[in-house]
Amino acid sequence: MESVHISQVILHIIDASLKTPFTTSFGTMESKEVCIVEVIDQSGISGWGETVTSNDPDYNEETTFTAVHTLKKFLIPAVLNRDITHPNEVFNQFKFIKRNHMAKAAIETAIWDVFAKKNEKPLYEIMGGVKQQIEVGKSIGIQKTPDHLVDRVEQFVNEGFKKIKVKIAPGFDSEYLNAVRKKFPDIPLMADANSAYSLKDMEDLKKLDDYRLIMIEQPLAHDDIIDHAHLQKNIETPICLDESVYSFETAKKAIELGSGRIINIKIGRVGGLGEAIKIHDLCQEHNIPVWCGGMLETGIGRAHNIQITTLPNFTIPGDTAPSQHYWEEDIISPEVVMDQGIIHIPQGTGIGYEVDRKKINKKLITSINFVEEKSLAGSF
Ligand SMILES: O=C(O)CCC(=O)C1=CC=C[C@@H](O)[C@@H]1C(=O)O
Ligand SMILES: [Mg+2]
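Residues numbered from 1 in each chain as written. Chains lettered and ligands numbered in written order. Predicted model: local features only at pLDDT ≥ 70, side-chain atom pairs only at ≥ 80, totals over all residues. Heavy atoms only, no water.

S.K.: Is there a simple way to think about helix α9 (residues 248-257) in this case?
M.R.: Helical geometry note: an α-helix holds 3.6 residues per turn, so side chains three or four residues apart project in the same direction. Listed as buried for α9 are Phe248, Thr250, Ala251, Ala254 and Ile255. Seen from one end, α9 has its buried residues packed into an arc of 165°, which puts them on one side. As for α9, its buried residues are in contact with β10 (239-241), β11 (262-265) and α11 (273-285). Just downstream of α9 lies Gly258, where phi reads positive at about 70°. (Buried < 20%, exposed > 50% of the residue type's maximum accessible area, 1.4 Å probe, protein only. Helix = DSSP H or I, 4+ residues; strand = E, 2+ residues; numbered from the N terminus. Arc of directions from axis to C-beta. Contact = heavy atoms within 4.5 Å.)

S.K.: Which parts of the structure should I look at to understand the coordination of the magnesium ion (ligand 2)?
M.R.: Each donor-metal-donor angle in an ideal tetrahedron of four donors is 109.5 degrees, and each such angle in an ideal octahedron of six donors is either 90 or 180 degrees. In the first shell of the magnesium ion (ligand 2), the protein supplies Asp192 (OD), Glu217 (OE) and Asp242 (OD), at 2.1 to 2.3 Å from the metal. One chain supplies every donor to the magnesium ion (ligand 2), and in sequence these donors are spaced D-x24-E-x24-D. One end of the pair, Asp192, is in strand β8 (residues 189-192); the other, Asp242, is in the loop between β10 and α9, with 50 residues separating them in the sequence. Note on Asp192: relative accessible area 1%, which makes it buried. (Donors = N, O, S within 2.8 Å, 3.2 Å for Na, K, Ca; no water.)

S.K.: Hey, could you run me through the site of ligand 1 in this one?
M.R.: Not every one of the 17 residues close to ligand 1 is listed here, only the nearest: Ser139, Asn194, Lys266, Leu296 and Tyr326. Between ligand 1 and the protein, one listed contact pairs an oxygen atom with a side-chain N or O atom of Asp242 at 3.0 Å. At a separation of 2.5 Å, an oxygen atom of ligand 1 approaches a polar side-chain atom of Tyr326. When ligand 1 sits alone it has 400 Å² of accessible area, and the protein chains cover 97% of it. (Near = heavy atom within 4 Å. Polar contact = N/O pair within 3.5 Å; in protein donor to acceptor, adjacent residues only side chain to side chain. Areas by Shrake-Rupley, 256 points an atom, 1.4 Å probe, with all protein chains shown as cover.)

S.K.: Just to check I follow, could you spell out the domain arrangement of the protein chain for this structure?
M.R.: In many analyses, interface size is given as the accessible surface area lost on bringing the parts together. Partitioning the protein chain into domains gives domain 1 (4-120 + 356-375) and domain 2 (125-354). At the boundary of domain 1 with domain 2, total buried surface from both sides reaches about 3,800 Å², with 65% on carbon and sulfur atoms. Three residues stand out in domain 1 for area buried against domain 2, namely Lys19, Phe22 and Tyr59, and they jointly supply 19% of the buried area on that side. Our enumeration of links across domain 1 and domain 2 arrives at one salt bridge. Put simply, Lys362 and Glu329 hold a salt bridge, and the shortest N to O gap is 2.9 Å. Our enumeration of links across domain 1 and domain 2 arrives at 20 residue pairs in polar contact (both at pLDDT 80 or more). Every element with two or more residues in the side of domain 1 that touches domain 2 is listed here: β1 (4-24), β2 (27-41), β3 (46-50), α3 (101-118) and α13 (357-363). Tallying contributions element by element places α3 first for the side of domain 1 that touches domain 2, with eleven residues. In terms of residue class, the side of domain 1 that touches domain 2 is built from 18 nonpolar, ten polar and 13 charged. (Domains from an automatic or database assignment. Buried area = accessible area lost by both parts, 1.4 Å probe. Salt bridge = Lys/Arg side-chain N within 4 Å of Asp/Glu carboxyl O. Nonpolar A, V, L, I, M, F, W, Y, C, P; charged D, E, K, R; others polar.)

Below, the structure written as structure tokens:
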């Protein structure tokens, strides 16, 4: 395989407004600033990634502002004008920087994309993907009433989604799940609590077993694997970890402790594709199924999610709904579409979708161009 030499990086910072506000136990998102990372190889080929941060540090400790700072001051200098033999080495090159995984993933995934394009292969082939199509799930934010939730579930069941994920929190759980199960007794249904509960809620959490959920995602604290292990011993419903598993090491520890039986892999949360593939492989060795979580990405991040979902142990439909579920207009072409709950893997090189510069420019707040060390000067 041909190595890559990144001779230029451009950060395109855009304002991305969701079609429908998205409510979870920690708040409602209507729009966010996204830093689109374009890395340009000396051959002129571009690779693309994006920050999956939001404007507030409500999912993890990062924001788009912190990510742009970390990219400018540390991550871009670490790869600019250097030869990269394989994108697998990039995460290790960043290890002098603690955490900041979403910032790292934004540029590491772009390097995977440009590497695949330069070697004229689809990204899934470089990663060891085995599927030509993937099943798709839909994540639904907290709704005003149980009836509103049932209506949304009905809409998405009719669209053919293979898994329905509903957000829950204290006061928005049993009544809502009961209403959905009454109308849809057999659909593959899961709930995501985004750390809204604690072990003090054990009796409420035990009630979740009444709804035959395929999993309960991240019920307890965002940085916990001990209480989750205790809870898993007390409920039948498989626990799926999201926020708690931010690295290969935390995945290893969570598996050893029995903190959960399923892991939601998010490329941004774990620091990039290299780390995500390592976690996938570890889970496969321990018969822990994984699926690809979503972070309300634009088409660039969505394309990376689709590519990684072709790996064999991604056996549960991910939160990879089509572009039109999020954006009036996505920034890729073609947009991500779904056919009765299935996305067909694009056969183009790299991420398989073209990035539409005109559509980026329509949402552009600012762009920052890095061609050599001196352009890294300046304050923030
Ligand atoms: O991108 C999607 O459709 C999934 C969105 C989603 O469920 C989430 C996005 C971002 C943070 C969380 O609120 C939540 C999750 O925890 O999976
Ligand atoms: Mg989650």
